[in-house]
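A structural walkthrough
Letter by letter, the chains look like this.
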Amino acid sequence: MKFLVCISNVPDTTTKITFTPDNKEFNKAGVQFVINPWDEYALTRAIELKEANAGSTVTVLNVGEADTEPNIRKALAIGADDAIRVNAAPKDAFFVAEQIAAIAKEGAYDVILMGKESIDYNGFQVHGMVGELLGVPTVAPAMKLDMSGNTATLEREIEGGKEIVQVNTPFVASCQQPMCEPRIPNMRGIMTARTKPLKVVPATGNAARTQVNEYALPPKKQGVKLIDAANAGELIKLLRNEAKVI
Amino acid sequence: MSVLVVVECDKGEVKKSSLEVATYGAQLAAQLGTSATAIAVGEATDASLAKLGEQGITKVLYDKEPRLKDFVNNAYTKLIATAAQQEDAKAIVLANSNIGASVGSRLSIRLQASLATNVVELPKTDGGQFTVKRGAFSGKAFSDVALNGERKIIAVKKNSIEAQHEAGKTAEVVAFSAQLSDADFADAPKQVVMQDQAGGILLPEAERVVSGGRGMKGPENWHLIEDLAKALHAATACSKPVSDVDWRPHHEHVGQTGITVSPNLYIACGISGAIQHLAGVNSSKVIVVINKDPEAPFFKAADYGIVGDVFDVLPKLTAAVKELG
Ligand SMILES: Cc1cc2nc3c(=O)[nH]c(=O)nc-3n(C[C@H](O)[C@H](O)[C@H](O)COP(=O)(O)OP(=O)(O)OC[C@H]3O[C@@H](n4cnc5c(N)ncnc54)[C@H](O)[C@@H]3O)c2cc1C
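Residues numbered from 1 in each chain as written. Chains lettered and ligands numbered in written order. Predicted model: local features only at pLDDT ≥ 70, side-chain atom pairs only at ≥ 80, totals over all residues. Heavy atoms only, no water.

Quick look at the packing of helix α5 (residues 223-232) of chain B against helix α9 (residues 310-324) of chain B
All names here are of chain B. Note the following rule: Lines are fitted to the C-alpha atoms to define the axes, a helix being fitted only along its stretch in contact, and any angle between axes, read from their N-to-C directions, falls within 0 to 180 degrees. The way it works is that DSSP assigns letters per residue, a run of H or I at least four long becomes a helix, a run of E at least two long becomes a strand, and they are numbered from the N terminus. Angles are sorted into four bins: roughly parallel if under 35 degrees, roughly antiparallel if over 145, roughly perpendicular if 65 to 115, and oblique for all others. The crossing is said to be left-handed when, going from far helix to near helix, the turn is anticlockwise and less than a right angle, and right-handed when the turn is clockwise. Only heavy atoms enter the contact rule, under which two residues are in contact if any of them lie within 4.5 Å.
Following both chains from N to C, one finds α5 and α9 inclined at 20°, their axes separated by 9 Å at the closest point. Looking at the two axes, α5 sits roughly parallel to α9. Read as a crossing pair, α5 and α9 show a hand that is left-handed. Between α5 and α9, the residues in contact are L224, I225, D227, L228, A231 and L232 and F311, L314, P315, L317, T318 and V321, respectively.

A word on the pairing of strand β6 (residues 111-115) of chain A
Residues and elements named next belong to chain A. Note the cut-off: Think of it in three bands: residues with accessible area under 20% of the maximum for their type are buried, residues over 50% are exposed, and the middle band is partly exposed, with areas taken using a 1.4 Å probe on protein chains only. Pairing between two strands requires that DSSP report at least two bridges joining them.
Most of β6 sits inside the fold, with 5 of its 5 residues counted as buried. Looking at chain direction, strand β1 (residues 2-6) and β6 are connected through 3 bridges and run parallel. Across the sheet, the residue bridging to L4 is I112, located in β6. Taken together, the 5 bridges between β6 and strand β10 (residues 171-175) define a ladder with parallel strand orientation. Bridge pairing links M114 to S174 in β10.

So, the site of the ligand
Quick note on the threshold: Near is defined per residue: the residue qualifies when any heavy atom it owns lies within 4 Å of the molecule or strand. For the purposes of these results, a polar contact is taken to be a pair of N or O atoms within 3.5 Å, where, inside protein, one atom must be able to donate a hydrogen and its partner to accept one; residues adjacent in sequence count only when each atom of the pair is a side-chain atom. Using a 1.4 Å probe, accessible areas were evaluated by the Shrake-Rupley method; residue-level cover was limited to the displayed protein chains.
What surrounds the ligand is a group of 27 residues, the closest being K217, S239, S272, Q276 and H277 of chain B. Residue neighbours of the ligand fall on chains A and B, so the site bridges chains. The contact in question runs from an oxygen atom of the ligand to an N or O atom on the side chain of H277 of chain B, over 2.7 Å. Its free accessible area being 980 Å², the ligand has 78% of it covered by the protein chains.

Brief notes about the packing of aromatic side chains
The condition that has to hold: Between the rings of Phe, Tyr and Trp (Trp by its six-membered ring), a pair exists once the centres lie within 6.5 Å; its type follows the angle of the planes, with under 30 degrees stacked, over 60 edge-to-face, and the other angles tilted. By definition here, charges over rings are those cases where NZ of Lys or CZ of Arg is within 6 Å of the ring centre and within 35 degrees of the ring normal.
All chains considered together, the criterion is met by 9 aromatic pairs over all chains. Ring centres 6.3 Å apart and planes at 45° place the aromatic pair Y121 of chain A and F137 of chain B in the tilted group. Within this pair, whereas Y121 of chain A is found in the loop between β6 and α4 (126-134), its partner F137 of chain B is found in the loop between β6 (131-136) and β7 (141-147), the two belonging to separate chains. When its relative accessible area of 40% is taken as the criterion, Y121 of chain A is described as partly exposed. Residues F71 of chain B and Y76 of chain B carry aromatic rings whose centres are separated by 5.1 Å and whose planes lie at 85° to one another, so their mutual orientation is edge-to-face. Through pairs of rings, three or more aromatic residues link up here, namely F19, F26, F33, Y121 and Y215 of chain A together with F137 of chain B. Above the plane of the ring of F95 of chain A lies K91 of chain A, whose end atom (NZ or CZ) is 4.5 Å from the centre. The ring of F124 of chain A carries the charged tip of K116 of chain A above its face, separated from the ring centre by 5.4 Å.

Describing the interface of chain B and chain A
One widely used convention gives an interface's size as the accessible area the parts lose upon coming together. What counts, and what does not: Summed over both partners, buried area is the accessible surface (1.4 Å probe) that two parts give up on being assembled. When a carboxyl oxygen of Asp or Glu is within 4 Å of a side-chain nitrogen of Lys or Arg, the pair counts as a salt bridge. For this classification, Asp, Glu, Lys and Arg are treated as charged, while Ala, Val, Leu, Ile, Met, Phe, Trp, Tyr, Cys and Pro are nonpolar and the rest, including Gly, are polar.
Contact residues are listed per partner, giving 86 residues for chain B and 74 residues for chain A. Summing both partners gives a buried area of about 6,700 Å² for chain B against chain A, and 57% of it is carried by carbon and sulfur. Contact with chain A buries area across many residues of chain B, yet N98, F137 and Y304 of chain B alone supply 12% of it, more than any other trio. Where chain B touches chain A, the interface holds 5 salt bridges. We note a salt bridge from E159 of chain A to K158 of chain B, for which the minimum N-O separation is 3.1 Å. Taken together, the links from chain B to chain A amount to 45 residue pairs in polar contact (both at pLDDT 80 or more). If you tally residues by element for the side of chain B that touches chain A, the top one is helix α4 (residues 98-110) of chain B, at 9 residues. Residues of the side of chain B that touches chain A, tallied by class, amount to 38 nonpolar, 34 polar and 14 charged. The pairing of strand β12 (residues 210-216) of chain A with β7 of chain B spans 6 bridges and is antiparallel. Bridge pairing in β7 of chain B links V212 of chain A to V145 of chain B.

Here you go:
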């Protein structure tokens with residue numbers, strides 16, 4: 001079984017978001033980048049399934065410029081076998097999906113996994129685009145993934161419950177918890193990751209269908225109105241009469 | 001040319017988020033000088049679909065194929081694509097739900113459309129551009145995005161637009177068939193399992209949410225959260241560590257890596273307000289924080305706060321709601 005796991009490079013979850021003075025771009029200065037938390041579920045589950053199925057391989061794929069390599073190496077340290085970096089700044093979900101679909105097709109991967117969405121763009125789009133470009137089923141978001149031969153059984157989250165879905169390879173799934181416990185690299189993994197192959201390839205196509213004109217921060221809160229705990233019921237009156245939400 | 005609105009239905013009724021989407025679609029159609037047609041998915045009664053007239057929809061297409069009752073990605077995509085072609089839809093509006101995102105992303109390839117998810121406002125269509133405002137960085141920011149394609153698909157974030165109700169207006173419900181074959185149902189669910197929702201209110205759809213964190217000390221104390229939620233007709237939620245240790249089910253976990261919610265009222269009980277938690281809840285209209293630590297970061301994001309012990313404060317709040325009647 002050949003697994004392809006797509007990872008994106010995102011600002012650490014504790015990052016205070018700021019933009020360049022013209023508000024056209026995210027301000028990367030002083031920001032630490034991590035593997036998108038949702039992608040860690042995809043990566044770890046692929047590695048678990050590889051370990052359970054002898055002869056399987058896990059390839060990590062990132063669409064990004066050279067500065068994403070530390071996180072690609074981290075994914076290799078966690079247990080992926082090799083990596084591909086499409087050397088391009090990700091323009092939009094469509095552009096990224098086109099790159100992933102091209103690599104997936106060329107490498108004839110059986111299972112293409114990624115996170116539900118990236119915590120920076122929150123697109124929740126790439127999985128479906130890749131599935132459609134490849135003409136294969138997509139399951140999003142998946143909370144559980146088991147493989148038996150070429151058949152996968154997945155739990156897909158729906159509002160208020162879950163669906164049990166079965167699909168045959170090849171397929172695309174976007175992952176979320178509680179799929180697995182994301183792994184952290186150990187010393188041995190970090191050492192071996194240095195020697196694992198990382199192939200850099202140029203982008204195909206050049207299209208983007210959307211373009212960010214400007215970023216903005218949400219308006220500042222007015223400040224909290226404190227109510228004395230001894231008189232807590234007063235809050236309910238304020239919620240009705242002042243905030244008008246009950 | 002028209003605007004096509006994808007309306008999700010459940011147990012015969014149109015979902016609340018789809019009433020918002022219908023309103024959005026009708027307002028967009030008015031802005032573009034055209035009309036809004038809906039395509040219904042899931043289980044709906046004709047009467048509930050006709051009522052979409054109240055949101056400004058003129059016509060509702062409905063395929064009564066029984067296998068469409070549950071979500072099937074391939075079949076839904078084909079159904080909506082067929083309707084979009086029939087109606088010559090230049091814009092498709094859907095909910096930013098698990099269904100909307102799954103289908104919207106496939107449709108964007110099939111129809112060669114520009115897609116924007118997480119959209120919070122009607123588009124700006126002046127100056128030859130078509131731009132939408134969408135949430136980004138897990139609720140920590142917004143972006144204005146230009147949709148360059150000739151066709152646009154817009155997934156509207158829940159609770160970001162108020163559903164209109166123009167009493168008495170009805171939409172025409174028209175039978176529709178996308179001529180779906182067995183192959184279109186190859187990825188149909190084998191089983192659908194619904195989970196218990198406190199008070200029967202779905203968290204992603206809820207207008208009010210009462211949420212508990214590690215400060216609740218253990219699952220045996222959750223009746224305090226549930227009692228207040230019940231009195232307020234609210235859904236219940238929790239912070240990540242609470243679901244990680246199984247005090248509450250995963251589907252109640254809100255935040256950056258959980259569900260994003262934007263209810264009118266979010267009450268956080270014994271939650272510190274870590275940046276990852278805030279990311280999933282800070283677009284709530286009114287935030288109330290109850291925490292015994294006056295330095296808890298959540299107070300900075302709150303509209304109302306009580307510095308106090310949840311075990312003392314929650315019963316008082318529940319009693320006060322009941323007194324209101
Ligand atoms: C990659 C990543 C992703 C994450 N994603 C999420 C996410 O999606 N959602 C999320 O919630 N977290 C997330 N976290 C975790 C987050 O950083 C915090 O650890 C978490 O939100 C803390 O939960 P808490 O506030 O319930 O617990 P704590 O931080 O332990 O806070 C408990 C609070 O309860 C108060 N308290 C205690 N006793 C009482 C009492 N009797 N009465 C009143 N108040 C009391 C305390 O003063 C304290 O403020 C993520 C972390 C990482 C690294």
